[in-house]
Amino acid sequence: MASQVLTGCQYIDVQGSGVVPKQELSSFLGSALPEWQKDDMDALLNKWGENVKYEDFVSWLFELRESREASGKKFKVAIFSCAPYDREWFDLTNQDLGCSLEFTYNSEQLNMDTVKLAEGCDAVCTFVNDFAGADIVESLSKAGVKMIALRCAGFDRVDLKAAEAHGITVARVPAYSPYAVGEHAVALMCSLNRNITRSYRNARMGNFGLNGAMIGRTLHGKRVGIIGTGLIGSITARVMKKGFECEVVAYDVFENPKIKDPEPAGLEIPYLPLDELLATCDYISLHAPLLPSTKHMINFDKLSIMKKGIMIVNTSRGGLIDTKALIHGLKTGIIAGAAMDVVENEAPFFFRNFSNSCIDDDNISVLLRMPNVILTPHLAFFTREALKTISDTLLKSMIGVRDGEGPPKQNGKLDCVCRAPKEQPKDPKKCEGAAQERKQELVQRMSFMEQLPLPVNPLKAEAFAPFENTEKPFRIAFFSATPTEVAAFEKGNEDYKGNFTFNFYKAALNIESVDMVKGAEGVCIFVHDDASAEVLKALKAQGVKIVALRCSGTNNVDIKTAKEIGLTVVRVPAYSASSTGEHAVTLATSVIRCIPQAAENTRRCNFELNGLLGFDMIGKKVGIIGAGRTGKVAARIFSMGYGCQVMVHDVVEKPDVKDPPPNGLGLPYVSLDEIFTQSDIICIFAPEKPETLKMIDAAAIKKMKKGVIVVNTSRGGLIDNQALIDGLRSGKIGGAGLDVVQGENEYFHTDWSNKPVDNDDLSVLTCFNNVIVTYHQAWFTEESMQAICHTTLTSFHAVRQNQEPPLQRKKFKTVVTRTF
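Here's what I pulled together on the structure shown here.

Remarks on the packing of aromatic side chains
Aromatic ring pairs are described here by two measures, namely the spacing of the ring centres and the angle between the planes. Tallying each qualifying case throughout the model produces 28 aromatic pairs. Ring geometry for F208 and F748: centres 5.4 Å apart, planes at 35°, overall tilted. Of this pair, F208 sits in the loop between α9 (196-204) and β8 (223-227) while F748 sits in the loop between β23 (733-738) and α28 (760-767), and the two are 540 residues apart along the sequence. The exposure classification of F208 matches that of F748, with both residues buried. Just above the ring of F812 sits the side chain of R629; from NZ or CZ to the centre is 4.0 Å. In this structure, K755 packs its charged tip against the face of W752, placed 4.5 Å from the ring centre.

Observations concerning the sheet that holds strand β12 (residues 335-340)
The six strands lie next to each other as β9-β8-β10-β11-β12-β13, forming an open sheet whose pairing is parallel. Two strands lie at the open edges of the sheet, namely β9 (247-251) and β13 (373-375), each paired on one side alone. Strand-to-strand twist in this sheet, taken as the mean axis angle between neighbours without regard to direction, amounts to 15°. Sheet topology places β8 next to β9; five bridges connect them, and they run parallel. Opposite I227, over in β9, you have Y251 as the bridge partner.

Points about unusual backbone geometry
A cis amide bond links E263 with the next residue in sequence, P264, at an omega value of 5°. When you line up the elements, P264 lands in the loop between α11 (257-260) and α12 (274-280). In this structure, P662 follows P661 across a cis peptide bond, with omega equal to 5°. Positionally, P662 belongs in the loop between α24 (655-658) and α25 (672-678). Although it is not a glycine, K497 sits at a positive phi angle of roughly 50°. With respect to the element layout, K497 can be found in the loop between α18 (483-495) and β15 (500-504).

Focus on empty space enclosed by the protein
Using the criterion set out here, one finds four cavities of 30 Å³ or more in the structure. For the largest cavity, the full set of lining residues is T197, R201, L367, L368, M370, P371, V373, I374, L375, A599, T602 and R603. Split by residue class, the lining of the largest cavity holds eight nonpolar, two polar and two charged. Counted as a void, the second largest cavity has a volume near 60 Å³.

Rules and cut-offs
- Residues numbered from 1 in each chain as written.
- Predicted model: local features only at pLDDT ≥ 70, side-chain atom pairs only at ≥ 80, totals over all residues.
- Heavy atoms only, no water.
- Phe/Tyr/Trp six-rings, centres within 6.5 Å; stacked < 30°, edge-to-face > 60°.
- Helix = DSSP H or I, 4+ residues; strand = E, 2+ residues; numbered from the N terminus.
- Buried < 20%, exposed > 50% of the residue type's maximum accessible area, 1.4 Å probe, protein only.
- Lys NZ or Arg CZ within 6 Å of the ring centre and 35° of its normal.
- Pairing = 2+ DSSP bridges.
- Axes fitted to C-alpha atoms, helices over the stretch in contact; angles between N-to-C directions.
- 1 Å grid on protein atoms, 1.4 Å probe; cavity = no way out; pocket = protein on both sides within 12 Å on 5 of 7 lines; lining within 4 Å.
- Points joined across faces, edges and corners; volume = space filled by probe spheres on them.
- Nonpolar A, V, L, I, M, F, W, Y, C, P; charged D, E, K, R; others polar.

Without other data, these values stay purely geometric and don't point to any function.
Spelled out as structure tokens, the structure:
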């Protein structure tokens, strides 16, 4: 038969070139081999290109045919807990691999009531909340099922001993995407830390107020504990240490060499006892498997040990945490917040929609109503890359079982077969042998990870000092004051013995409010205050000596007029590059992983994953526009932490960006067009100047990759709002994270939830599901507030003494215009 087919191909090949067009070959084979369905044949031909070398193809085809005939060709699989995206990826992979597997799709979970749906099938394919206890395994065996294929890495809901007794192979996906889960853990931590879900919710209601509950913390330098240091825990540890430059510590019953070994072979992260880790960490992230020994490892007893104000992230299994203990810790303030992708007893609810009914788990209901809790519906795995790997790995395992060879190793390295655990030997020497086997398995798993990037020099912590010679009082008119700023500056005045007198005004500075400064020698303003020529002249007439901006930007001040009238203007050039750089990364990861959208869905008891698909960060191209201190922080996190390909555009090339490690980041400078055309993520850190206004316009967006993520934490005027809206509507822009918006001044830091917002662009942007608007709060961390307070008061103190305000941290120039 093969020779007859080959003769037919030669007849088509009139040129004798040895190749024939794919479409002509498909038509011929359809008539020559009628037992093959056209879709199957087309799927087989796809991998051979448009012009097929028919001798090689026919030889391969008949080897495949013989193999399938020997194994019975037909292989039926019942897929449980099936969502539309599962069907899409399994159908696509079935076609791409030419598997010819037959699928039946069931939205129901596998249990005793639904096990009958597997009758006549060779395999069942299940997900994290499907249950295959001993009774179900026995029923599957009676139905003729030879395989249980798990669309996940965990296998705690399958009775492996029963499967082994009934001769059923259990296969999983050991590493569908450790990056997806590790990166989701970091995204949850960042979102919780910077109140992203609350900002998203408030902005959509028109409440742009910036109160004390919205203040975050800078991650840089904080202690982060990683509990469980396998593949996923190692990835999270790397991002936190090398990207955010946190002090990372770890706990695991088996110490991973790639965690503890010195750099560059390892991360040089110390292992600590669990209690010590809990007592000293600001954040913990759970990545341990759920075993009898790890169930409720976070419990009431551990609450008494924990550092007050700790934040907890869990992307592993809900049963690691005693939910009642967690709720108690959150209510008492021992735990400042929790961000979880899993929760105890989630199985009846997750991946289903209960928005029109009630869930009967009181603990989950309580958590969903807590403002300091983020709950995403078990979507840490849910990226394009992970879905492709899951479908590819499982279908290859199914083919292996069908052909009698068993599931192959994933990527030739990781064993996909789940086996019942061996009983622990009583002999101590044999116990040591079992432990050694576990260590070898861990080494094997870690070899699956790519090489970790080299570290860079960490940023140094800031230090502040009190003032001297403060006998002379100094009155300050403080505009656009929030309660948080009032408390911070009053505390700073006390701590630094400043002898300042403040008049705090909630109102913004403008020509109508300028008379409020009467009697003040200094004025303190923020980004939305008006320091135009008219206002500055009025301030000078009132006797004001200095205008202090508690920000770094000066685009709201008429600098030329200030110089002409002899008015000193100062700013805070480096209140916290880490705060703003980290916020940009937080916005990017929150958009990519749909964190606030997922959290809003779960608050409405909709635990489905539809519309929440993300993508892995590793290897993606990130364009940084503006590589000052803030841009450099974001570039470091993306490149050294996430393993992204980062490129930079700026008018001046800086050695600490382009030089290779350890002196720099080793990043290339490229043109703006290259940023637009190549980037998967674009982050903007440029100053607002006439030449940078609307640098992101319709022409720029037209050049961008389809689905690009755009982040702006600099100034709203850098982006043309209408062009951005059009790009989002067309799908050219896949999502946006905006801490600034053109025309924000009247609205940001004010509650407009009870009145109409006249800025239509702002209203439209806050209504897009794939847009996160935070209201100029990138700077808003405890650390930034301290730096802003100290630097601003230092400038006021210098002017009181008729001296020029000093450099911030002896390095950064604070003076914009001088009169000394």
